[in-house]
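Structural description and commentary
Listed below, chain by chain, are the residues.
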Amino acid sequence: MATGRQDAGSTSGLGTSRKEATSYQSARYRRTVNQVEAPELTEVTVTGVVAGGAGIGRAPDGRVIFVNGGLPGERIRIAITERRRDYWR
């Protein structure tokens, strides 16, 4: 007897599995992030710590930079690996 419901493995006729749809969405997200192919080095002074535990500082041009493992007061040379409109990491 048909209940009108699709089985749990169905994707509502999208033609892709849930795993494929998820990987497509994450690939789409990665395209919005400007991944740096050859990381450039820059020097930054960490001025504080943000909620996630990363240090925050400013580049010489005034741009916000998040530094994993950075402590306030440290002046460190970092490699920029991710560029976004509002910040670098």
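Our subject is the structure that appears above.
Below you will find a few notes about this structure. Bear in mind that the values here come from a model prediction, so they are computed numbers and not experimental data.

Let us look at the overall build of the protein chain. When helices and strands are tallied, the protein chain shows 1 helix and 5 strands. Counting helices and strands in the order they occur from the N terminus, the protein chain gives α-β-β-β-β-β. Here the contacts in the protein chain between residues at least 6 apart in sequence split such that 41% fall between residues at least 24 apart. Of the roughly 6,900 Å² of accessible surface on the protein chain, a fraction of 51% belongs to carbon and sulfur atoms.

Because side chains alternate across strand β2 (residues 55-58), one face comprises the buried residues G55 and G57, and the other comprises I56 and R58, none of which is buried. Sheet topology places β2 next to strand β3 (residues 64-67); 4 bridges connect them, and they run antiparallel. In the sheet register, G57 faces β3, and the bridge partner there is I65. Linking β2 to β3, which pair antiparallel, is a turn of 5 residues; within it G62 sits at a positive phi near 95 degrees.

Reading the values: the criteria
Residues numbered from 1 in each chain as written. Predicted model: local features only at pLDDT ≥ 70, side-chain atom pairs only at ≥ 80, totals over all residues. Heavy atoms only, no water. Helix = DSSP H or I, 4+ residues; strand = E, 2+ residues; numbered from the N terminus. Contact = heavy atoms within 4.5 Å. Areas by Shrake-Rupley, 256 points an atom, 1.4 Å probe, with all protein chains shown as cover. Buried < 20%, exposed > 50% of the residue type's maximum accessible area, 1.4 Å probe, protein only. Pairing = 2+ DSSP bridges.

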